[in-house]
Amino acid sequence: MRDSLVAAAFQLFLERGYEQTTVDDIVKTAGVGRRSFFRYFPSKEDVVFPDHEQCLADMTEFLAASADTDDPLARVCDAARLVMRMYAENPTFSVQRYRLTREVAGLRTYELSVVWRYEKTLGDYLRSRFADRRDGTLRANVVAAAVVAAHNHALRHWLRSGGEGDPLAEVDRALEFVRDTWRPDGAASETPAEEAEDVVVVITKRSTPMWRVVREVESSLGEG
């Protein structure tokens, strides 16, 4: 029933246009009643994105199943691949939806809200993993945004090509760039607050001998 409603909706969207198609038109084409439509989709916009709710649930479950020993960055990259696999399962539908959302401003806004939910899901997971860092919240937010941006870059490139090529290979290349930027060894280089180097500013006359400047610095550091 759900698949039939989606198929009927996109048939009409392609024939008449999104704005010109009503819910009544969709249920009539699918041969069902309005109640059946709203049992599956809260609105006409939702029928354009029938798979995202399940994908979000799968991503959330995947991240929740992470072990403490898992690399957080690798985990969120793997989570992003779940989304790409969803698109790759039905290239024709994915390309049709991409073209439709480019034409209808309201659908682009809806799509942005979906993307924000993916980013929030990744960010929530990373914030819990980076909670012991001074920059944990900032790092989590930036990494989550970077993973989503890399995924979307690969996705748009694939969709603009009409669904040609291997989208999973595309997203792997994009996510590799994120991993190279935020690799664990780089993340571990942060200097703890208590180990931060002291900075001493000495104000002196230009004519002061260097040995006296050095003595003042040593005195300031308690080394004199």
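Report follows, based on the coordinates. Values in this document were obtained by computation on a predicted structure and should not be read as measured data.

For the α-helix, the turn length of 3.6 residues means that residues three or four positions removed from each other point alike. An ideal rise of 1.5 Å per residue puts 36 Å on 25 residues; helix α9 (residues 136–160) measures up with 36 Å between its terminal C-alpha atoms. Count one or two residues on from α9 and you reach G162, which has phi positive near 85 degrees.

Moving on: the packing of aromatic side chains. Taken as a whole, this structure holds seven aromatic pairs when the rule is applied. Here the aromatic rings of F10 and F13 are separated by 5.5 Å at their centres, their planes lie at 65 degrees, and the arrangement is edge-to-face. Of this pair, F10 and F13 both sit in helix α1 (residues 2–16), three residues apart, which is roughly one turn of that helix. Exposure class is identical for F10 and F13. Each is buried. Residues F37 and F41 carry aromatic rings whose centres are separated by 5.6 Å and whose planes lie at 50 degrees to one another, so their mutual orientation is tilted. Considered together, F37 and F41 belong to a single accessibility category, that of buried residues. When the ring centre of F62 is taken as reference, the NZ or CZ atom of R75 above it lies at 3.8 Å.

Take helix α10 (residues 167–181) next. In this model, α10 (15 residues) spans 22 Å end to end at C-alpha, consistent with the 21 Å of a helix rising 1.5 Å per residue. Among the structural elements, α6 (72–88) and α9 are those in contact with the buried residues of α10. Where α10 begins, the side chain of D166 points an oxygen toward the backbone nitrogen of L168, at a separation of 3.0 Å.

Let's shift gears to the packing of helix α5 (residues 52–64) against α6. The N-to-C vectors of α5 and α6 enclose an angle of 155 degrees; their axes lie 10 Å apart at closest approach. On the basis of their axis angle, the class for α5 and α6 is roughly antiparallel. By crossing handedness, the relation of α5 to α6 is classed as right-handed. Counting all contacts with α5, which are made through H52, C55, D58, M59, F62 and L63, the residues of α6 involved are R75, V76, D78, A79, A80, L82, V83, M86 and Y87. Among the residues forming the contact of α5 with α6, the class breakdown is 11 nonpolar, one polar and three charged.

Criteria and cut-off values
Residues numbered from 1 in each chain as written. Predicted model: local features only at pLDDT ≥ 70, side-chain atom pairs only at ≥ 80, totals over all residues. Heavy atoms only, no water. Helix = DSSP H or I, 4+ residues; strand = E, 2+ residues; numbered from the N terminus. Expected span 1.5 Å × (residues − 1). Phe/Tyr/Trp six-rings, centres within 6.5 Å; stacked < 30°, edge-to-face > 60°. Buried < 20%, exposed > 50% of the residue type's maximum accessible area, 1.4 Å probe, protein only. Lys NZ or Arg CZ within 6 Å of the ring centre and 35° of its normal. Contact = heavy atoms within 4.5 Å. Polar contact = N/O pair within 3.5 Å; in protein donor to acceptor, adjacent residues only side chain to side chain. Axes fitted to C-alpha atoms, helices over the stretch in contact; angles between N-to-C directions. Parallel < 35°, antiparallel > 145°, perpendicular 65-115°, else oblique. Left-handed = near helix turned anticlockwise from the far one by under 90°. Nonpolar A, V, L, I, M, F, W, Y, C, P; charged D, E, K, R; others polar.

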